[in-house]
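Report on the structure
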Amino acid sequence: MEYNDKLIAAREAVRYIKEGMVIGIGSGSTVNEFLYCLADRIKEEGLQIVGISASKKSERLARKLKIPLTTFASYQNVDISIDGTDEIDEQLHLVKGGGGSLVREKMIDLVADTFIVIASGEKKVRKLGTFPVPVEVVPFGWQATEQRLQQLGCHTKLRLLNGEIFVSDNQNYIIDCEFKKIDDAVTLHASLKQIVGVIETGIFTHMVDKAIIADNGQIYVMKN
Ligand code: 5RP
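What counts as what
- Residues numbered from 1 in each chain as written.
- Predicted model: local features only at pLDDT ≥ 70, side-chain atom pairs only at ≥ 80, totals over all residues.
- Near = placed C-beta within 6 Å.
- Helix = DSSP H or I, 4+ residues; strand = E, 2+ residues; numbered from the N terminus.
- Buried ≥ 20, exposed ≤ 12 C-beta atoms within 10 Å, placed from the backbone.
- Axes fitted to C-alpha atoms, helices over the stretch in contact; angles between N-to-C directions.
- Parallel < 35°, antiparallel > 145°, perpendicular 65-115°, else oblique.
- Left-handed = near helix turned anticlockwise from the far one by under 90°.
- Contact = placed C-beta atoms within 7 Å.
- Nonpolar A, V, L, I, M, F, W, Y, C, P; charged D, E, K, R; others polar.
- Pairing = 2+ DSSP bridges.
- Arc of directions from axis to C-beta.
- Right-handed = clockwise from strand over helix to strand, strands pointing away.
- UniProt positions renumbered as here; feature names shortened; annotations may be inferred.
- Core = buried A, V, L, I, M, F, W, Y, C linked by C-beta atoms within 7 Å.
- pLDDT = per-residue confidence, 0-100.

Once that is clear, we can look at the site of the ligand. Residues in close proximity to the ligand total 17 residues, the closest being Gly28, Thr30, Gly84, Gly98 and Gly99. Those elements giving two or more residues to the shell around the ligand turn out to be α2 (29-45) and α4 (102-110).

Moving on, we come to the environment of Leu69. Position of Leu69 relative to the elements: it lies in the loop between α3 (56-64) and β3 (78-83). For Leu69, a count of 14 C-beta atoms within 10 Å gives the class partly exposed. The spatial distance from the C-alpha of Leu69 to the C-alpha of Gly24 is 9.9 Å, given a sequence separation of 45 residues.

A few words now on the packing of helix α1 (residues 5-14) against α2. At a closest axis distance of 8 Å, the pairing of α1 and α2 adopts a crossing angle of 45 degrees. Considering their axes alone, α1 and α2 lie oblique with respect to each other. Here the hand of the crossing between α1 and α2 comes out right-handed. For the pair α1 and α2, the contacting residues are Lys6, Leu7, Ala9, Ala10, Arg11, Ala13 and Val14 in the first and Ser29, Thr30, Glu33, Phe34, Cys37, Leu38 and Arg41 in the second. Each residue belonging to the contact of α1 with α2 can be placed in one class, and the counts come to eight nonpolar, two polar and four charged.

This part is about the sheet that holds strand β4 (residues 87-88). Ordered in space as β4-β5-β13, the three strands form an open sheet in which the pairing is antiparallel. Only two strands of the sheet have a single neighbouring strand rather than two, namely β4 and β13 (203-204). In the sheet, strand β5 (residues 94-95) pairs with β13 via two bridges, with the strands oriented antiparallel. Paired with Val95 across the two strands is Ile203, which belongs to β13.

Attention now goes to unusual backbone geometry. At Leu92, a position not held by glycine, the phi torsion is positive, near 65 degrees. Position of Leu92 among the secondary structure elements: in the loop between β4 and β5. For Lys180, which is not a glycine, the phi torsion comes out positive at approximately 70 degrees. Position of Lys180 among the secondary structure elements: in the loop between β11 (173-178) and α6 (185-193). On the neighbour-count criterion, Lys180 (11 C-beta atoms within 10 Å) is exposed.

Let's shift gears to α3. Residues Ser58, Glu59 and Ala62 constitute the buried set of α3. Looking down the long axis of α3, one finds its buried residues gathered within 105 degrees of arc, a one-sided arrangement. Set apart from the buried face of α3 by more than 90 degrees, the exposed residues are Lys56, Arg60, Arg63 and Lys64. In this structure, the buried residues of α3 make contact with β1 (22-25), α2 and β2 (50-53). Directly after α3, the chain includes Lys66, whose backbone phi takes a positive value near 65 degrees.

Glancing now at the pairing of β2. For β1 and β2, the ladder comprises four bridges, and the chain directions are parallel. Paired with Gly24 across the bridge in β2 is Ile52. Regarding the hand of the β-α-β motif, the stretch spanning β1, α2 and β2 is right-handed.

With that settled, the discussion passes to the UniProt feature "active site" (unreviewed entry) in the chain. UniProt records the feature "active site" (unreviewed entry) for Glu105 in the present numbering. Considering the arrangement of structural elements, one finds Glu105 in helix α4. Given 30 C-beta atoms within 10 Å, Glu105 falls into the buried group. If we ignore the near neighbours within four places in the chain, the residues touching Glu105 are Gly26, Ser27, Ala54, Asp83 and Lys96.

The next subject is the nonpolar core. Ala9, Ala13, Phe34, Ile82 and Ile118 are the most contacted members of the largest nonpolar core, which has 53 residues in total. Here this core takes six residues from strand β6 (residues 112-120), the largest share from any one element. Contact partners of Ala13, with chain neighbours within four places excluded, come to Phe34, Ile82, Ile116, Ile118 and Ile212.

The next thing to look at is the confidence of the model for the chain. Should pLDDT be low for a region, the predicted coordinates there are not to be read in detail. Looking at the chain as a whole, its pLDDT mean stands at 98, while 100% of the residues score no less than 70. Per-element averaging of pLDDT across the chain places strand β15 (residues 218-223) at the bottom with 97 and strand β7 (residues 133-137) at the top with 99. If you check the scores for this complex, the pTM reads 0.97 and the ipTM reads 0.99.

The structure is reproduced here in structure tokens:
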């Protein structure tokens, strides 16, 4: 039997949403499932919430589903943030940014009282690094920034979309850095961040409060 594990994780996460909450909304296909579940609760129960969206894509979907949105201008922290991931290890460290929204996602997830990651089972790894670490960089001089990233021992690829350079919602570029295996995510993130031209990395450490993983229809909750 085929399970829609992204939907199963999303459905579980939406149970954590309470009346009056300000919700951080990440991005990606798992978060899209969450938005559909949230829209159902708003319609069926008249639940009152507002969301702050981490990407233009999830903002568009939220608007389509009539989920009320707000911005950091009104709220500088959120009650709960729900976001997806590309990898999650046993310490609940993440590699994120496959969709290119890592900066805004990190900004929102960081200011959440509770940060919940939702994912399907294949995102669980023993060690981070199989998924290349997305690094958002300033477009100016990106070639020099790329060289300095390579000096940390990774293979790099400037992200493209339909043959053109991918441009993030913040008008920056993304360089995907393949390390294959990351032994110390905290130190690697710090080293990457020291490079001038690097805005942020897709390594999220010590941020997750709870991970809801659905694997072949079974829900596993991992807590910090
Ligand atoms: C976007 C992200 C996403 O959360 C991550 O890529 C997971 O996406 P999906 O839910 O589609 O598998 O970090 O920048």
